[in-house]
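Working through the structure, step by step
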Amino acid sequence: YIKERGRNGLCFYRRQMNLHLLERVRLDHAMREALLRRHFWLAYQPQVNLKDGRIKGAEALLRWSDPDLGNLSPAHFIPIAEESGFIVALGDWVLQQAITQAARWYCEGLRLLVSVNVSAAQFQQPDFSERLARYLAEANLPPDLLELELTESILIQNIEETLERLQILVGLGVRLAIDDFGTGYSNLAYLKRFPIHRLKIDRSFVSDIPNDESDTVIATAVISLAKALNLQVIAEGVENETQRQFLLEAGCHAFQGYLCAPALRPEQLEALIMRLGLDEPSAD
Ligand code: C2E
Ligand code: MG
Ligand code: MG
Ligand code: MG
């Protein structure tokens, strides 16, 4: 199995498609087993205020530690789950887990915004918003402490229907972000109509700052676009101080990346918050 996504995402996807059908079927079966056997868990990567380094939230990232197969990367198994449809059950488990964890933190006095990745098939389930509402109510979580990360690919299909769904979600009080922004084909005219709170600049536009001129231009343009539309903006994959300084000067609000920390176990994240401080999510 391919355990790590290479530096070059394209290369990864090419290998992904060459995975033998039998191997994909086996892996899909192993995933279903792993969910029953509780071999999945969520790691949380801090989202940091670019100005003062305080933590304002965390993205829940799925981890699979299998006694036989070892640690498998979501970049490897999520596409297979999407292909088979298992992502709907898996994503539902993620949503429930992340809400439970966020509620636990909230009870302990940690008002932390928790972001969850939502796949297209999951978002399109007719009962998605009902389930979400139920999980929030059961956990007693203030909905504004949950953010759903959607990809551009979700937003470009059936615009009117999507808009309706997004409005229902926003009506529940949760926050919405567009993940990997800039890699899809967002129709900028529609962006204005969607009730989105935040754009996440894809890591591919951050990794070569300040050396690659076109990446630098794109990152700056996304930040300006967010400003113009009155959206929050967060950069993914910030690994060094040069990138942080550049993004700060460009007017970006927050970042996620190894410069602060990778995705952590909940206790590790708590320890980090004790050291760096918490920047409570604002009401906007
Ligand atoms: P994503 O949502 O864009 O998540 C960001 C990815 O970038 C994570 O990879 C994170 O570990 C990685 N990353 C963060 N900071 C840095 C950095 O400074 N440098 C580098 N090189 N990488 C960094 P991860 O955890 O392997 O997840 C990969 C993708 O798998 C995610 O991309 C997301 O699309 C998907 N994924 C993960 N968990 C879930 C889930 O629960 N549901 C769904 N539907 N997808 C998920
Ligand atoms: Mg994400
Ligand atoms: Mg992302
Ligand atoms: Mg990304």
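Here is what the cut-offs are and how they apply
Residues numbered from 1 in each chain as written. Chains lettered and ligands numbered in written order. Predicted model: local features only at pLDDT ≥ 70, side-chain atom pairs only at ≥ 80, totals over all residues. Heavy atoms only, no water. Donors = N, O, S within 2.8 Å, 3.2 Å for Na, K, Ca; no water. Helix = DSSP H or I, 4+ residues; strand = E, 2+ residues; numbered from the N terminus. Expected span 1.5 Å × (residues − 1). Contact = heavy atoms within 4.5 Å. Buried < 20%, exposed > 50% of the residue type's maximum accessible area, 1.4 Å probe, protein only. Near = heavy atom within 4 Å. Polar contact = N/O pair within 3.5 Å; in protein donor to acceptor, adjacent residues only side chain to side chain. Areas by Shrake-Rupley, 256 points an atom, 1.4 Å probe, with all protein chains shown as cover. Nonpolar A, V, L, I, M, F, W, Y, C, P; charged D, E, K, R; others polar. Salt bridge = Lys/Arg side-chain N within 4 Å of Asp/Glu carboxyl O. Disulfide = S-S within 2.5 Å. Pairing = 2+ DSSP bridges.

- Named according to an unreviewed UniProt entry, the protein chain is cyclic-guanylate-specific phosphodiesterase originating from Caldichromatium japonicum.

With respect to the coordination of the magnesium ion (ligand 2)
- Only Glu59 (OE), Asn117 (OD1), Glu149 (OE) and Asp179 (OD) from the protein reach the magnesium ion (ligand 2) as donors, at distances of 2.0 to 2.2 Å.
- Mapped onto the sequence, the donors of the magnesium ion (ligand 2) take the spacing E-x57-N-x31-E-x29-D.
- A separation of 3.6 Å is found between the magnesium ion (ligand 2) and the magnesium ion (ligand 3), which share Asp179 as a coordinating residue. Separated by 62 residues along the polypeptide, Asn117 in strand β4 (residues 113–117) and Asp179 in strand β6 (residues 175–181) bring together distant segments of the chain.

Here's the deal with helix α8 (residues 159–172)
- With 14 residues, α8 extends 20 Å from end C-alpha to end C-alpha; this agrees with the ideal 20 Å at 1.5 Å per step.
- Where α8 is buried, its residues meet α5 (120–123), α6 (128–139), β5 (146–151), α7 (152–155), β6 and α9 (188–191).
- In the stretch just after α8, Gly173 is the one whose phi turns positive, near 100°.

Some words on the coordination of the magnesium ion (ligand 4)
- Protein coordination at the magnesium ion (ligand 4): the donors are Asp180 (OD), Asp202 (OD) and Glu236 (OE), at 2.3 to 2.8 Å from the metal.
- Donor residues binding the magnesium ion (ligand 4) come from one chain and are separated in sequence as D-x21-D-x33-E.
- Here the magnesium ion (ligand 3) and the magnesium ion (ligand 4) are spaced 3.1 Å from one another, each receiving a donor from Asp180. Residue Asp180 is found in strand β6, and its partner Asp202 is found in the loop between β7 (198–201) and α10 (213–228); the two are separated by 22 residues along the sequence.
- Residue classification places Asp202 among the buried residues on the basis of a relative accessible area of 11%.

Notes on the site of ligand 1
- Taken together, 21 residues are adjacent to ligand 1, and Arg63, Asn117, Ser119, Glu239 and Tyr258 come closest.
- At 2.9 Å from an oxygen atom of ligand 1 is found a side-chain nitrogen or oxygen belonging to Asn117.
- Considered on its own, ligand 1 offers 810 Å² of accessible surface; in the complex 86% of this is hidden by protein.
- Elements supplying a minimum of two residues to the shell around ligand 1: β2 (55–66), α3 (74–84), α4 (87–107) and β6.
- Considering every element that reaches the shell around ligand 1, the biggest residue donor is β2, with four residues.
- For the shell around ligand 1, the class distribution of residues is eight nonpolar, five polar and eight charged.

Some points on the pattern of salt bridges
- Considering all chains together, one arrives at 14 salt bridges under this definition.
- The shortest N-O distance in the salt bridge between Arg24 and Glu83 comes to 3.4 Å. Placement of the pair is Arg24 in helix α2 (residues 21–36) and Glu83 in helix α3, with a sequence separation of 59 residues.
- What makes Arg24 buried here is its relative accessible area of 18%.
- With a closest N to O distance of 3.0 Å, Arg32 and Asp28 form a salt bridge. With Arg32 and Asp28 both in helix α2 and four residues apart, this pair spans about one turn of that helix.
- Three or more residues are tied together by salt bridges with common partners; here these are Glu59, Glu149 and Lys200.

Some words on the state of the cysteines
- The tally for this structure, following the rule as stated, stands at zero disulfides.
- Left unpaired, Cys252 is separated from the closest cysteine sulfur, that of Cys260, by 14 Å.

Examining the pairing of β4
- When you tally the buried positions in β4, you get four out of five residues, the bulk of the element.
- When β2 meets β4, the two strands line up parallel, connected through four bridges. The residue bridging Ala58 from the neighbouring strand is Val114, located in β4.
- In this sheet, β5 lies alongside β4 in parallel orientation, the contact comprising four bridges. When the bridges of β5 are listed, Asn117 appears paired with Glu149.

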